[in-house]
Amino acid sequence: MNFKRKLFLLGIACGFLLNVAAQVKISVADFGLKPDTRENAVPYVQKALEACKAQPGSTLYFPEGRYDFWPHHCIERDYYESNTTDNNPKRLAVLIDKMKDFTLDGGGSLFVMHDRMQPVTVDHSTNIALKNFSVDWDIPLTAQAKVIDVTPNYFEIEINTHESPYVIENKQLVFVGEGWKSRTSGIMQFTPDTRRVVPNTGDVTGWTIFNAEEVSSGKVRLSHPKSSYPKLGDLLVLRHSERDHAGIFLFHSNEVSLADINVYHTCGLGVLSQYTRNINFNKVKVVPNPAKNRVLSGHDDGFHFMGCSGLIKIEDCEWAGLMDDPINVHGTCVRITEVCIAYTC
C-alpha cells in the first residue's frame, strides 16, 4: 500500500472517530432515571448534564415518557429577566450552563413541573440544540373556571378542584398549590366556542374580587359592586400568580436552536431570549395542552426577545391562549449593577 493511500485511509479513520466522538449519546437512564415514576428528575439530570459537559458534542437523551421536576435539589440563581417579576432566586429545573456543542433531546417526553420553577435555562452557552419535549404543570399557576350562572348581583363559576384547589379567605378566592398560595387578582374572559378572548375585554386588567362565597365544592359565587359580569358559559382565566419566570430562558448565549417543543404552560413568558445571538425556532408551540381542556398557555408573550442580535429565524411555530403578543422584539431598561469608571460633567 503506497504512502498516499495510507494517509487517505488514516484520514477517513480519524474523521470517523471524530464524528463518533461528536455524536456521544448519553441517556438519563444511565444515571438511574426512569420515565413515568414521578420521581424527582432534577438530581439525575444535573449529574447527566455534568457528564455531557465533560464531553463536548454530546447529546443528552430522555427515553420517551413523563418526567417530573420538583424544586428540591434545584440549582437556584438570580436572574433579572425582561418583563418578568424579580422574584429571586429562580429555581432552575434544567440548567445548561457554560456548555458548548450540546443537544438536549427529550425523545418526545413530557416534562411536568411542580411548584414555581423555571423549566429550561441556557446560560452563557454556544451551539445548543433543544428538541423533542413538552413542558406542563399538573397544577397550573393560573386557574380556569366556567361561568354556570349569572344574575344582576353575582355570577357563579365552576372550578376543577383537582387541577386548581382553592380556599376562601376573608371573602377572597385564594388558590393553593405545591408550596404556594395566591389570591385571585384578575380575570380574563374567553368564549367557549372559539376559546379566544371575548372582544373588547382583552385590554381590561380584570376585576378585583371583593366577595367570594363557596356554594358547594368546586362552585363559587363572586360579586363586585362596580363590574359588569361575564356571560353564561364563558370560560374564565383566573390570574393569581406573579410573572416570575419564563418557560425557556436563553441568556447570553450563541447559536441556539429549538425544534419540536410544546410549552403548554408557564406563568411567565413562553420563550424568553435575552442578550442571545442567532436563534432558530422550528415547530415550537406555546399553546394550551389540548389533552387538558385549557384555554391559557402562558402569561403574556409567546416568544420574547430582548437585546438579541444576529439572525432570529422562526418557522412553522404556533401560539394560542396568550395574554399578549405571540412575538415581541425590543430593548429595555436595565439595572445598573456596577459603575467601573466615574464620570463627572
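Preceding this paragraph is the structure being described.
Every value quoted in this text rests on a predicted model; they were computed, and no experiment measured them.

Cut-offs applied
- Residues numbered from 1 in each chain as written.
- Predicted model: local features only at pLDDT ≥ 70, side-chain atom pairs only at ≥ 80, totals over all residues.
- Heavy atoms only, no water.
- Helix = DSSP H or I, 4+ residues; strand = E, 2+ residues; numbered from the N terminus.
- Buried < 20%, exposed > 50% of the residue type's maximum accessible area, 1.4 Å probe, protein only.
- Contact = heavy atoms within 4.5 Å.
- Areas by Shrake-Rupley, 256 points an atom, 1.4 Å probe, with all protein chains shown as cover.
- Salt bridge = Lys/Arg side-chain N within 4 Å of Asp/Glu carboxyl O.
- Pairing = 2+ DSSP bridges.
- Expected span 1.5 Å × (residues − 1).
- Arc of directions from axis to C-beta.
- Phe/Tyr/Trp six-rings, centres within 6.5 Å; stacked < 30°, edge-to-face > 60°.
- Lys NZ or Arg CZ within 6 Å of the ring centre and 35° of its normal.
- Axes fitted to C-alpha atoms, helices over the stretch in contact; angles between N-to-C directions.

Q: How should the overall build of the protein be read in this particular structure?
A: Within the protein, the secondary structure is distributed over 2 helices and 25 strands. Burial statistics for the protein: of 345 residues in total, 48% are counted as buried. Sequence-distant contacts in the protein: of pairs separated by 6 or more residues, those separated by 24 or more amount to 71%. With the model as given, the accessible surface of the protein reaches about 17,000 Å², and the carbon-plus-sulfur share is 52%.

Q: For this particular structure, what's the right way to read the environment of Glu64?
A: Following the sequence through the fold, Glu64 ends up in the loop between β2 (59-61) and β3 (66-69). With 44 residues separating them along the chain, Glu64 and Gly108 place their C-alpha atoms 5.5 Å apart. Those residues in contact with Glu64 that lie beyond four places of it in its chain are Pro35, Gly107, Gly108 and Ser109.

Q: Hey, could you run me through the pattern of salt bridges in this one?
A: Pairs can form between side chains of opposite charge once their charged atoms are near each other. Evaluated as defined, the whole model comprises 17 salt bridges. A salt bridge links Asp138 to Arg38; the nearest nitrogen and oxygen atoms lie 3.5 Å apart. Placement of Asp138 in the loop between β8 (126-137) and β9 (143-150) and of Arg38 in the loop between β1 (25-27) and α2 (42-53) is noted, with a sequence separation of 100 residues between them. Between Asp115 and Arg91 there is a salt bridge, and its shortest N-O distance comes to 3.1 Å. Remark: Arg91 occurs in strand β5 (residues 90-97) and Asp115 occurs in the loop between β6 (100-113) and β7 (118-123); sequence separation between them is 24 residues. Here the salt bridges do not stand alone but share partners, grouping Arg38, Arg66, Asp68, Asp136, Asp138, Glu163, Lys292 and Arg294 into one network.

Q: Any chance you could explain unusual backbone geometry here in plain terms?
A: For residues that are not glycine, phi is negative in most cases, and the peptide bond is trans in most cases. The peptide bond linking Asn88 to Pro89 adopts the cis configuration, its omega dihedral lying at 0 degrees. Following the sequence through the fold, Pro89 ends up in the loop between β4 (75-77) and β5. One non-glycine residue, Asn83, adopts positive backbone phi at about 55 degrees. Along the chain, Asn83 turns up in the loop between β4 and β5. Even without a glycine there, the phi angle at Asp316 is positive, about 55 degrees. Relative to the elements of secondary structure, Asp316 occurs in the loop between β23 (309-315) and β24 (318-319).

Q: I would appreciate a short explanation of the pairing of β8 in the present structure.
A: Two faces make up the sheet, and in a regular strand the side chains alternate between them. Pairing analysis gives 10 bridges linking β6 to β8, with the strands arranged parallel. Within β8, the residue paired with Ser109 across the bridge is Phe133. Examined bridge by bridge, β8 and strand β19 (residues 254-263) share 8 bridges and lie parallel to one another. Residue pairing in the sheet places Thr126 in a bridge with Asn254 of β19.

Q: Can you walk me through the environment of Glu169 in this structure?
A: Note that Glu169 resides in strand β11 (residues 166-169). Ignoring any residue separated from it by four or fewer positions in sequence, one finds Glu169 in contact with Val174 and Lys181.

Q: How should I be thinking about the pairing of strand β15 (residues 211-216) in this particular structure?
A: Across 5 bridges, the pairing between β15 and strand β16 (residues 219-223) is antiparallel. The partner of Ser216 across the bridge, within β16, is Lys219. Turn length for the β15-β16 hairpin, with the two strands adjacent in sequence and antiparallel, is 2 residues, and the turn residue Gly218 shows positive phi of about 85 degrees.

Q: Looking at this model, I keep getting lost on α2. Mind explaining?
A: Structurally, the α-helix is built with 3.6 residues per turn, so residues lying three or four positions apart point the same way. The terminal C-alpha atoms of α2, which comprises 12 residues, lie 16 Å apart, in line with the 16 Å expected from a rise of 1.5 Å per residue. Those residues of α2 that sit buried are Val42, Tyr44, Val45, Ala48, Leu49 and Cys52. Looking down the long axis of α2, one finds its buried residues gathered within 155 degrees of arc, a one-sided arrangement. Along α2, exposed side chains directed more than 90 degrees from the buried face belong to Lys47 and Glu50.

Q: Mind showing me how you'd approach the packing of aromatic side chains here?
A: Two measures describe an aromatic ring pair: the distance that separates the ring centres and the angle between the ring planes. With the rule as written, the count across this model stands at 14 aromatic pairs. Ring geometry for Phe62 versus Phe111: centroids 4.9 Å apart, planes at 55 degrees, classification tilted. Placement of Phe62 in the loop between β2 and β3 and of Phe111 in strand β6 is noted, with a sequence separation of 49 residues between them. By the ring-pair criterion, three or more aromatic residues cluster together here, those being Phe62, Tyr67, Phe69, Phe111 and Phe133. Taking NZ or CZ as reference, Lys25 lies 4.2 Å from the ring centre of Tyr61, over its face. Arg221 extends its terminal NZ or CZ atom over the ring of Tyr154, reaching a point 4.1 Å from the ring centre.

Q: So what exactly am I meant to see when it comes to the side chain of Ser253 here?
A: The residue Ser253 is located in the loop between β18 (248-251) and β19 in this model. Here Ser253 falls in the buried class, since its relative accessible area comes to 1%. Beyond its immediate chain neighbours, meaning those up to four positions away, Ser253 contacts Val122, Asp123, His124, Ser125, Tyr275, Thr276 and Arg277.

Q: Got a minute to help me understand the sheet that holds β16 in this structure?
A: Pairing between the strands of a sheet comes from backbone hydrogen bonds, and it takes one of two forms, parallel or antiparallel. Taken in spatial order, the 6 strands of this open sheet run β14-β17-β9-β10-β16-β15, and their pairing is antiparallel. With one partner strand each, in any of the chains shown, β14 (186-190) and β15 form the two edges of the open sheet. Ignoring which end each strand starts from, the neighbouring axes of this sheet average 35 degrees apart. Looking at chain direction, β14 and strand β17 (residues 235-239) are connected through 5 bridges and run antiparallel. Bridging across to β17, Gly186 finds its partner in Arg239.

Read these as layout, nothing more, since geometry by itself doesn't imply function.
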